[in-house]
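An overview of the molecular structure
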Amino acid sequence: MSFLFGGRPQLSSAEKIAAAETEVEMVSDMYNRLTRSCTKKCIPPDYREGELNKGESVCLDRCVAKFFEVNVKVSEKMQGEAGRQGSAGQGAFGV
């Protein structure tokens, strides 16, 4: 009963696999949204050159940086909200 003393309960193998699959899906979704959003914003639909030009490259760099910055801020906000909701619903000793 390690959860009584602040430890996390041990997950079963199936739970670990399910958590890993969920994480892979979330990362894939984020990558797809990032790619779609920044490509639409920075690269014209009619390709003129085989390589990115300076403007496209800079635009992509900034777009990716902003995307991750916003993603981190949203994640922190959601974790803060979840923490407040979790602690508001618990009494002494987390019961």
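Here, the structure is the one placed above.
How each quantity is defined
- Residue positions within a chain follow its written sequence, with the count starting from 1.
- Given that this is a predicted model, residues contribute local features only at a pLDDT of at least 70 and side-chain atom pairs are listed and counted only at 80 or more, while totals for whole chains, interfaces and linings are drawn from all residues.
- Values shown for side chains rest on all heavy atoms present in the structure; no hydrogens or waters enter the calculation.
- Each patch groups residues whose relative accessible area exceeds 30% and which form no salt bridge, using 9 Å between like charges and 5 Å between nonpolar side chains of Val, Leu, Ile, Met, Phe, Trp and Tyr.
- Only the protein chains shown count as cover for residues, and the accessible areas themselves come from Shrake-Rupley with a 1.4 Å probe.
- Salt bridges are defined by distance alone: a side-chain nitrogen of Lys or Arg within 4 Å of a carboxyl oxygen of Asp or Glu.
- Under the scheme used here, helices are H or I runs from DSSP no shorter than 4 residues and strands are E runs no shorter than 2 residues, and both carry numbers assigned from the N terminus.
- Cysteine sulfur atoms that come within 2.5 Å of each other are treated as a disulfide pair.
- A 1.4 Å probe rolled over the protein chains alone gives each residue an accessible area, and that area as a share of the maximum for its type sets the label: buried under 20%, exposed over 50%, partly exposed in between.
- Joining through side-chain atoms within 4.5 Å is the link that ties buried Ala, Val, Leu, Ile, Met, Phe, Trp, Tyr and Cys residues into a set, and such a set is a nonpolar core.
- Whether two residues are in contact is decided by their heavy atoms, any of which lying within 4.5 Å being enough.

1. Brief notes about a nonpolar patch on the surface
- Judged by side-chain polarity, Val70, Val74 and Met78 come together as a nonpolar surface patch covering roughly 290 Å² of accessible area.
- Tracing the sequence through the fold places Met78 in helix 2 (residues 54-88).

2. Section: the state of the cysteines
- Under the counting rule described, the total for this entry stands at 2 disulfides.
- What pairs with Cys38 in a disulfide is Cys63, and their sulfur atoms sit 2.0 Å apart. The S-S bond linking Cys38 to Cys63 shows a torsion near -85 degrees; that makes this disulfide left-handed. Of this pair, Cys38 sits in helix 1 (residues 13-42) while Cys63 sits in helix 2, and the two are 25 residues apart along the sequence.
- Cys38 gets classed as buried once you look at its relative accessible area, which sits at 2%.
- The buried category is assigned to Cys63, whose relative accessible area is 9%.
- Two residues, Cys42 and Cys59, share a disulfide whose sulfurs are 2.0 Å apart. Around the S-S axis, the bridge from Cys42 to Cys59 shows a dihedral of about -70 degrees and counts as left-handed.

3. A word on the nonpolar core
- Among the nonpolar cores identified, the biggest contains 8 residues, and these are Met30, Leu34, Cys38, Cys42, Ile43, Leu60, Cys63 and Phe67.
- Listed by contribution, the elements that provide at least two residues to this core are helix 1 and helix 2.
- Here this core gets 4 residues from one element, more than from any other, and that element is helix 1.
- Setting aside residues up to four positions removed in sequence, Cys42 forms contacts with Glu56, Cys59, Leu60 and Cys63.

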